[in-house]
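# Examining the three-dimensional arrangement
For reference, the chains in residue letters:
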Protein chains: 2
Amino acid sequence: MPEPLSLIDQAERQCLARGVRFTPIRRRVLEMIATSHGALKAYDLLDQLAKEHGAARPPTIYRALDFLLEQGLVHRIESLNAYLACHCPEHQHGFQLLICRGCGRVEEMHDDDLGTRLVASADRHGFSIERQTIELEGRCQDCTSQAAAMAENAQ
Amino acid sequence: MPEPLSLIDQAERQCLARGVRFTPIRRRVLEMIATSHGALKAYDLLDQLAKEHGAARPPTIYRALDFLLEQGLVHRIESLNAYLACHCPEHQHGFQLLICRGCGRVEEMHDDDLGTRLVASADRHGFSIERQTIELEGRCQDCTSQAAAMAENAQ
DNA sequence: AAATAATATGATATAACATAACAATAATGA
DNA sequence: TCATTATTGTTATGTTATATCATATTATTT
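Numbers given to residues run from 1 along each chain, matching the order in which its sequence is written. Following the order in which they are written, the chains are lettered starting with A and the ligands numbered starting with 1. Note on the predicted model: pLDDT of at least 70 is required for a residue's local features to be given, and 80 or more for side-chain atom pairs to be given and counted; whole-chain, interface and lining totals, by contrast, use all residues. Heavy atoms from the whole structure form the basis of all side-chain values; hydrogens and water molecules are not counted.

Rules: UniProt positions are given in the numbering used here, feature names are shortened, and annotations may be inferred rather than shown by experiment.
The name given to chain A in an unreviewed UniProt entry is Ferric uptake regulation protein, and the organism recorded there is Cobetia amphilecti. According to its UniProt record, chain A has this under Sequence similarities (unreviewed entry): "Belongs to the Fur family."

Right, here's the structure in full:
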């Protein structure tokens, strides 16, 4: 599983370049989020972290999350109160999250055209947009196939 | 202010047609949300309701909200943990919320083409979408003008 | 109308999510 | 080194939401 490592390396380089500190706690929290299959909740992160670091308390996690969010290294999923590592933090503009109801997998999509259209559409309503939250909930391919197979067997 | 009244009448007719009960608590909660300028938080609703109805407790509000959400009469704003009356509950498909950072106003937008494109885009990623959460945060026309005017005066 | 079933509300407790405030420590810069 | 700033520790509390079981209301059946 080399990808999470490279994600951490990338984060480290980015923090260095920006002159912000990628402390052990921040690194560890990002690692936890990155190696998780789906999104993680703040208190699940806290439980995990507390095993290695007895002093961990809610502010410990929320501070680390705030930092990682500011740096664009993680995203918050508003509809789940959960957090997801960003695999392309250099990507500056809006993104869309695809959330699977079946397996909990969350994928980050970058349809820039869509983001542009949203902003244009909002502009026609007199709104100038500074932040987009786009969360699409449904089923991923695997879970759709699986549901279809089960329906098949039930016949 | 005739609009909130007609919204309530519309809700009443819709519930009657669907064979679900538009009880006094549900009606009152919808009225409160509808007459508010922006979005309302659950505990603000609770405080208001408790003044008229001493027995009101968190479950009272959350049950009413769950009902109204199910019936499509209100929307939940995930990024604010707040609730907004829907002025066109007959409208079945997706919607987009425009949230003003300045005055807190929230507007419901219906760019159906956009919703369709999102679904198509997600489909290309293997996801079949069942629910869309689209929240765009920025400034409404009034608040943009106001900010511009203030910058002008500051010169 | 009475009995039954289904739905809604009352009431208490607690779970889940998040921040305030201040003290202590560690890193950075003059 | 000393002062400054940033980070973390620590305690407490604020905010948002649900579980559970009792009671009451409404609808349905007889």
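### A few points about the pairing of strand β3 (residues 82-85) of chain A
Residue and element names in this part refer to chain A. Note the following rule: Under the scheme applied here, a residue whose accessible area is under 20% of the maximum for its type counts as buried, over 50% as exposed, and between as partly exposed, the area being computed with a 1.4 Å probe on protein chains only. The way it works is that DSSP assigns letters per residue, a run of H or I at least four long becomes a helix, a run of E at least two long becomes a strand, and they are numbered from the N terminus. DSSP calls a pair of strands paired once it identifies at least 2 bridges connecting them.
Where burial is concerned, the two faces of β3 agree: the one with Ala 82 and Leu 84 and the one with Tyr 83 and Ala 85 are both buried. Note: strand β1 (residues 40-41) against β3, 2 bridges, orientation antiparallel. Paired with Lys 41 across the bridge in β3 is Ala 82. Pairing geometry for strand β2 (residues 74-77) and β3, over 4 bridges, is antiparallel. Within β3, the position partnered with Ile 77 by the bridge is Ala 82.

### Quick notes on the UniProt feature "binding site: Zn(2+)" (unreviewed entry) in chain A
All names here are of chain A. This is how it is decided: Residue contacts follow a heavy-atom distance rule, with two residues in contact if any of their heavy atoms lie within 4.5 Å.
As annotated by UniProt and renumbered to match this structure, "binding site: Zn(2+)" (unreviewed entry) occupies Cys 100, Cys 103, Cys 140 and Cys 143. These annotated residues cover 44 residues of sequence, but their C-alpha atoms sit close together, with the largest distance between any two at 8.2 Å. Of note, Cys 103 is situated in the loop between β4 (96-100) and β5 (106-109). Among residues more than four places away in sequence, those in contact with Cys 103 are Cys 140 and Cys 143. Taking relative accessible area as the criterion, Cys 143 reaches 11% and is therefore assigned buried.

### A few points about the interface of chain A and chain B
Defined as follows: Simply put, the buried area is the total loss of 1.4 Å probe accessible area from both parts when two parts are fitted together. When a carboxyl oxygen of Asp or Glu lies within 4 Å of a side-chain nitrogen of Lys or Arg, that pair is called a salt bridge. Identification of polar contacts relies on pairs of N or O atoms within 3.5 Å, with a donor-acceptor requirement for protein atoms, meaning one able to donate a hydrogen and the other able to accept it, and with residues adjacent in sequence counted only if both atoms are side-chain atoms.
In this assembly, 36 residues from chain A lie in contact with 35 residues from chain B. Summed over both partners, the interface of chain A with chain B buries about 3200 Å², with 57% contributed by carbon and sulfur atoms. Seen at the junction of chain A and chain B, the total is 8 salt bridges. Between Arg101(A) and Glu130(B) there is a salt bridge; the shortest N-O distance is 2.2 Å. At the junction of chain A and chain B, the tally comes to 14 residue pairs in polar contact (both at pLDDT 80 or more). Those elements that place two or more of their residues in the side of chain A that touches chain B are β4, β5, α5 (112-124), β6 (128-139) and α6 (141-154) of chain A. Per-element accounting of the side of chain A that touches chain B gives the leading share, 12 residues, to β6(A).

### Quick notes on the protein's contact with DNA strand D
Which entries qualify depends on this criterion: Whether a residue is near a molecule or strand is decided by its heavy atoms; if any one of them lies within 4 Å of it, the residue is near. In this count, Pro and Cys sit with the nonpolar residues alongside Ala, Val, Leu, Ile, Met, Phe, Trp and Tyr, while Asp, Glu, Lys and Arg are called charged and the others, Gly among them, polar.
As a matter of local geometry, DNA strand D sits amid 20 residues, with Thr23(A), Arg63(A), Lys41(B), Tyr43(B) and Arg76(B) nearest to it. Sugar and phosphate atoms constitute 54% of the interface atoms of DNA strand D, taking the interface as everything within 4 Å of the protein. Contact distances for DNA strand D include 2.7 Å between a phosphate oxygen and a side-chain N or O atom of Lys41(B). Between a base oxygen of DNA strand D and a side-chain N or O atom of Arg63(B), the distance comes to 3.3 Å. Of all elements in the fold, only α2 (24-35) and α4 (58-70) of chain A together with α4 (58-70) of chain B reach the threshold of two or more residues within the surface near DNA strand D. The element best represented in the surface near DNA strand D is α4(B), accounting for 4 residues. When its residues are assigned to classes, the surface near DNA strand D shows 8 nonpolar, 4 polar and 8 charged.

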